[in-house]
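# Structural characterization, general
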Amino acid sequence: MGPNIKYLPGAYWDFWDHYLPLTEASLREALENRNFRVDRCVAKFLPYTMAGGPRYPLSFLRLYLALPVAWRVFGKQFLIVASRPPGETPVKAVP
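Residues numbered from 1 in each chain as written. Predicted model: local features only at pLDDT ≥ 70, side-chain atom pairs only at ≥ 80, totals over all residues. Heavy atoms only, no water.

## With respect to the packing of aromatic side chains
- Taken as a whole and assessed by the stated rule, the structure comprises 4 aromatic pairs.
- Note on Tyr-12 and Trp-13: the rings are 5.0 Å apart at their centroids and 80° apart in plane angle, and the pair reads as edge-to-face.
- Residues Phe-45 and Trp-71 carry aromatic rings whose centres are separated by 4.9 Å and whose planes lie at 80° to one another, so their mutual orientation is edge-to-face. Of the two residues, Phe-45 sits in the loop between strand S2 (37-42) and helix H2 (58-66) while Trp-71 sits in helix H3 (residues 68-74), which places them 26 residues apart along the sequence.
- Judged by its relative accessible area of 11%, Phe-45 is buried.
- Lying across the ring of Tyr-7, Lys-44 places its NZ or CZ 4.7 Å from the centre.
- The ring of Phe-36 carries Arg-84 above its face, with NZ or CZ at 4.1 Å from the centroid. (Phe/Tyr/Trp six-rings, centres within 6.5 Å; stacked < 30°, edge-to-face > 60°. Helix = DSSP H or I, 4+ residues; strand = E, 2+ residues; numbered from the N terminus. Buried < 20%, exposed > 50% of the residue type's maximum accessible area, 1.4 Å probe, protein only. Lys NZ or Arg CZ within 6 Å of the ring centre and 35° of its normal.)

As structure tokens, this is what we get:
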């Protein structure tokens, strides 16, 4: 999971560790190039940040996660679930 620069072109850079612009498509490509199987890819999942904001009851989070239509409205972060097939050897990065 990470911020999607497609939906946060300016605010994406507000954190010191956001120095590589990522979208769900670019991370998916990187994972597939390293022999991972992408099981799920969602371009808009959670709102941009939940840090430093109001604290909502856990029931609100459960409700939000149960309503994917809300993701399309409020989602600014992508979600990717990937796995390496059994017996697959890791691809070494090229220096």
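Back to the text.
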